[in-house]
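The residues making up each chain are set out below.
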Amino acid sequence: MEGSCEPLREASALRHDYRSDEVVALLGLPLLDLVDRARAVHRRHHADGEVQLASLLSIKTGSCPEDCKYCPQSAHYSKETGLVRESLLDVETVLAKARIAKDAGATRFCMGAAWRQVKDGEPFDNVLAMVRGVRDLDMEACVTLGMLTEAQADRLAEAGLTAYNHNLDTSPEFYGEIITTRTYQDRLDTLDHVRGAGIQVCCGGIIGMGETVEDRARLLQTLANLKPHPESVPINALVAVRGTPLEDRPPVNPLDLVRMVATARILMPVSRVRLSAGRHALSREAQILCFMAGANSIFYGDKLLTTENNDTSDDLALIEEAGLRVQSSLASS
């Protein structure tokens, strides 16, 4: 296939000039060939068999003014989803959850607020206090708060924030089919503000929303052409929540998720690839394939913002059975 050789030949190089046809070619490789190549790249750049456990907490739930068709937190679909709005949690409640997560083995604590954008004032001040508190626990702190300004990014950096999550979700071409209240460029601008403040970028996307293989390739191309690459790349499979416009989408083929993980690993060799939403529906075998393909982080805990996640004891048992080991101390991600 045209364009299939160059990204494979330079699999371990840090490139930022991928073409979409190169990425399509990677995604279309025979599965075991793709996994083999991804695993070789992974071993050159990461401690083999090490998995980071990241805990995710919704610190403000529901009533988001965005119209993301996959999201039960959107105010546009609240009557259909029945999701109850919850105000911003107080600082000590969040830090108590962080301590529990740390005791369970998590080294990163992620906090999500269903806001369109950050607004200065007491709520943001409380988030800054949460960040400082999590860092005082010797954990990585990550937040996802929507769009933010350069000045707000600087304040988060001053508080010690490790990473800011702001996903691109899908390709630039398919994006308008999923979200109309925020542009793709808005998302890229926020990433620029985060990077400019010296905060690590956590940025990935979702498959299973009706996109084509070419859309998946364009998403990965866009991520891989960011300079530098995102330190963390969450790969999500759609969780089709009742009441959202995507409630009737069929389940994602687990092997498609493996292909996304493997291709992300090849394109972004030093990034941490995080197996994220949708993992609850994967078999143990599919999860192990994702680890073989280069995933080296999972969201850990029985809930991801508002959707189900795997049981923590099952996760630890799977990691042990697969011969993997949990990251036991902080490391760049």
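In this numbering scheme, every chain counts its residues from 1 along its sequence in written order. For this predicted model, a pLDDT threshold of at least 70 governs which residues receive local features, and a threshold of 80 or more governs which side-chain atom pairs are given and counted, while totals over whole chains, interfaces and linings are taken from all residues. Heavy atoms from the whole structure form the basis of all side-chain values; hydrogens and water molecules are not counted.

(A) Fine view of the overall build of the protein chain. In this description a helix means any DSSP run of H or I spanning at least four residues, a strand means any run of E spanning at least two, and both kinds are numbered starting from the N terminus. Regarding its fold elements, the protein chain presents 12 helices and 12 strands. Across its three principal axes, the protein chain shows a C-alpha extent of roughly 55 × 40 × 35 Å. When accessible area is computed with a 1.4 Å probe and restricted to protein chains, residues below 20% of their type maximum are described as buried, those above 50% as exposed, and intermediate ones as partly exposed. Across the 333 residues of the protein chain, 55% fall into the buried class. The contacts in the protein chain between residues at least 6 apart in sequence include a share of 75% that link residues at least 24 apart. Charge convention: Lys and Arg are scored as positive, Asp and Glu as negative, and His as well as the terminal groups of each chain are ignored. Note on charges: their place is set at NZ of Lys, CZ of Arg, CG of Asp or CD of Glu. Charge separation in the protein chain, taken as the distance between the mean sites of 36 positive and 47 negative side-chain charges, equals 1 Å. Contacts are assigned to residue pairs with any non-hydrogen atoms lying within 4.5 Å of each other.

(B) Just the pattern of salt bridges, in detail. Salt bridges are defined as contacts in which a side-chain nitrogen from Lys or Arg sits within 4 Å of a carboxyl oxygen from Asp or Glu. In this structure the tally under the stated criterion is 17 salt bridges. Asp-315 is the salt-bridge partner of Arg-279, the closest N and O atoms lying 2.7 Å from each other. Of this pair, Arg-279 sits in the loop between strand S8 (272-275) and helix H11 (284-292) while Asp-315 is found in helix H12 (residues 312-321), placing the two residues 36 residues apart along the sequence. With respect to class, Arg-279 is no different from Asp-315; both count as buried.

(C) Expanded view of the pairing of strand S2 (residues 108-113). Counting buried residues in S2 gives six out of six residues, a clear majority hidden from the surface. Neither face of S2 is exposed, since Arg-108, Cys-110 and Gly-112 on one face and Phe-109, Met-111 and Ala-113 on the opposite face are all buried. Any two strands are treated as partners once DSSP identifies two or more bridges connecting them. Here strand S1 (residues 50-60) pairs with S2 via six bridges, running parallel. The partner of Leu-57 across the bridge, within S2, is Met-111. Direction of pairing for S2 relative to strand S3 (residues 140-144): parallel, over a ladder of five bridges. Residue pairing in the sheet places Phe-109 in a bridge with Ala-141 of S3. A crossover connection joins S2 to the parallel S3 through helix H6 (residues 122-136); in handedness this β-α-β unit is right-handed. Seen with the strands pointing away from the viewer, any crossover whose path from the first strand over the helix to the second strand runs clockwise is right-handed.

(D) How the structure looks around the nonpolar core. Only buried residues count toward a nonpolar core. Its members are Ala, Val, Leu, Ile, Met, Phe, Trp, Tyr and Cys residues joined through side-chain atoms within 4.5 Å. Core analysis: the largest hydrophobic core is formed by 92 residues, its most contacted members being Tyr-70, Phe-109, Met-111, Val-143, Leu-145, Leu-156 and Tyr-164. With eight residues, helix H10 (residues 254-267) is the single largest residue contributor to this core. Among all residues touching Val-143, those that are not within four sequence positions of it are Met-111, Val-127, Val-131, Leu-156, Leu-161, Ala-163, Tyr-164 and Asn-165. Listed in part, the six residues of the second largest apolar core include Leu-56, Cys-110, Cys-142 and Phe-299.

(E) Examining unusual backbone geometry more closely. For the peptide bond that leads from Lys-227 to Pro-228, omega is 0°, which places it in the cis range. We note that Asp-138 has phi near 65°; this positive angle belongs to a residue other than glycine. Among the structural elements, Asp-138 can be located in the loop between H6 and S3. Positive phi values are uncommon outside glycine, yet Asp-169 reaches one of about 75°.

(F) Molecular detail of the confidence of the model for the protein chain. The predictor attaches a confidence to each residue, called pLDDT, with possible values from 0 through 100. Residues at a pLDDT of 70 or more form 91% of the protein chain, whose mean pLDDT is 88. At the level of individual helices and strands, the protein chain shows its lowest average pLDDT in helix H1 (residues 6-9), which scores 45, and its highest in helix H9 (residues 213-224), which scores 98. Segment residues 1-12 is flagged for pLDDT under 50; beyond a separation of four residues in sequence, or across chains, it makes 28 contacts in the model.

(G) Broad picture of the pairing of S8. Neither face of S8 is exposed, since Arg-272 and Arg-274 on one face and Val-273 and Leu-275 on the opposite face are all buried. Two elements, strand S7 (residues 232-237) and S8, share four bridges in a ladder whose sense is parallel. Bridged to Val-233 within S8 is Val-273. Of the crossover connections in this fold, the one passing from S8 over H11 to the parallel strand S9 (residues 297-299) is right-handed.

(H) Expanded view of a negative patch on the surface. Patches here are clusters of residues that have more than 30% relative accessible area and form no salt bridge, with a 9 Å joining cutoff for like charges and a 5 Å cutoff for nonpolar side chains (Val, Leu, Ile, Met, Phe, Trp, Tyr). Residue-level accessible areas treat just the shown protein chains as cover; the underlying method is Shrake-Rupley with a 1.4 Å probe. A cluster of acidic residues, Glu-150, Asp-154, Glu-158, Asp-189 and Asp-192, forms a negative patch on the protein surface. Elements represented by at least two residues in the negative patch include exactly helix H7 (150-158) and helix H8 (184-196). Mapped onto the elements, Asp-192 comes out in helix H8. By relative accessible area, Asp-192 is classed as exposed at 52%.

(I) Structural view of the packing of aromatic side chains. The criterion for an aromatic pair is that two Phe, Tyr or Trp rings (for Trp, the six-membered ring) have centres within 6.5 Å, with stacked assigned to planes under 30 degrees apart, edge-to-face to planes over 60 apart and tilted to the rest. Enumeration over the complete set of coordinates arrives at one aromatic pair. Between Tyr-175 and Tyr-184 the ring centres are 5.2 Å apart and the planes differ by 80°, which places this aromatic pair in the edge-to-face class. Under the relative-accessibility criterion, Tyr-184 is labelled buried at 10%. Residue placement shows Arg-15 over the ring face of Tyr-18; its charged tip is 4.1 Å from the ring centre. Geometrically, a lysine NZ or arginine CZ counts as sitting over a ring once it is within 6 Å of the ring centre and also within 35 degrees of the ring normal. Lying across the ring of Phe-299, Arg-274 places its NZ or CZ 5.7 Å from the centre.

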